[in-house]
Amino acid sequence: MNPELERVLSLPALQAAPLLVGASLSVRGVGGRLVEVEAYDDMDPASHCYGGPRGRNLPMFLPGGHIYVYRSYGVHWCMNLVTGEQGKGEAVLLRGLEPTQGIPEMRSRRGDLPDQALARGPGNLTKALGVTDADNWLRLGGDIVLTLNCPLAKVVVARRIGLTVAIDEPRRFFEAGSKSVTHPSRI
DNA sequence: AGGATGATCATCT
DNA sequence: GATGATCATCCTG
């Protein structure tokens, strides 16, 4: 993994998240540009790692560069990039991606949708990319590759979606104007 | 544009 | 037994 990416992934989630908007993610040859992410850490009562390491949250306490996948509402997989130092408990939820690679394969998994909708939303993103709990605990660099791009000029920080606590915390980062962002008007 | 609903299961109490 | 870091669909205005 290149040194700059290594550095970004060693940052706290709140600092790493905006730098990951615009980065390229590829999962077994299928991927695109990340356009929406959300930071979670041990100070956040909505985070799985709140209260310390136990059960399903253990991957969040690995060093930055690992993958944390969990089941949401019994129906969807959600994928996180672990950031920060080992033992801290931080991760960035991947919420939206603009497809650039393997679009026919995404369409076969998601149905006949416009490109922009294939990986919009955390559950749809994992489905389009073929990510499941088999990818939990993995480290970037094998099946899953992340490449930083030039920092984007227009990264918006917004409130969050679908939570019952700490919903107004500004922890959701997205690219202004992208059509692969959920609730773009909810700032 | 926004509110209500049900699907479905790993994890937690 | 209850709870969601969601989504598609159906409604209302």
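Since the structure is predicted, the reported quantities are computational estimates derived from the model, not experimental observations.

Engineer: Looking at this structure, how should I read the protein's contact with DNA strand B?
Structural biologist: Around DNA strand B sit R54, G55, R56, R71, Y73, G74 and V75, and that is every residue in its neighbourhood. When atoms of DNA strand B within 4 Å of the protein are split into backbone and base, the sugar-phosphate part holds 65%. Between DNA strand B and R56 there is a distance of 3.4 Å, counted from a phosphate oxygen to a backbone nitrogen or oxygen. With respect to DNA strand B, the backbone of Y73 contributes an N or O atom lying 2.4 Å from a base oxygen.

Engineer: Would you explain the side chain of D135 in this entry?
Structural biologist: Along the chain, D135 turns up in the loop between α5 (122–129) and β6 (144–147). Residues within four places of D135 in sequence aside, it is in contact with R28, I67, V69, G130 and I144.

Engineer: So what exactly am I meant to see when it comes to the pattern of salt bridges here?
Structural biologist: Where charged atoms from two side chains of opposite charge come close, those side chains can pair. Counted by the stated rule, this structure contains 17 salt bridges. Between R95 and E38 there is a salt bridge; the shortest N-O distance is 3.6 Å. Here E38 lies in strand β2 (residues 30–41) and R95 lies in strand β5 (residues 90–101), a separation of 57 residues in the sequence. Exposure remark for E38: the relative accessible area of 0% places this residue in the buried category.

Conventions used here
Residues numbered from 1 in each chain as written. Chains lettered and ligands numbered in written order. Predicted model: local features only at pLDDT ≥ 70, side-chain atom pairs only at ≥ 80, totals over all residues. Heavy atoms only, no water. Near = heavy atom within 4 Å. Polar contact = N/O pair within 3.5 Å; in protein donor to acceptor, adjacent residues only side chain to side chain. Helix = DSSP H or I, 4+ residues; strand = E, 2+ residues; numbered from the N terminus. Contact = heavy atoms within 4.5 Å. Salt bridge = Lys/Arg side-chain N within 4 Å of Asp/Glu carboxyl O. Buried < 20%, exposed > 50% of the residue type's maximum accessible area, 1.4 Å probe, protein only.

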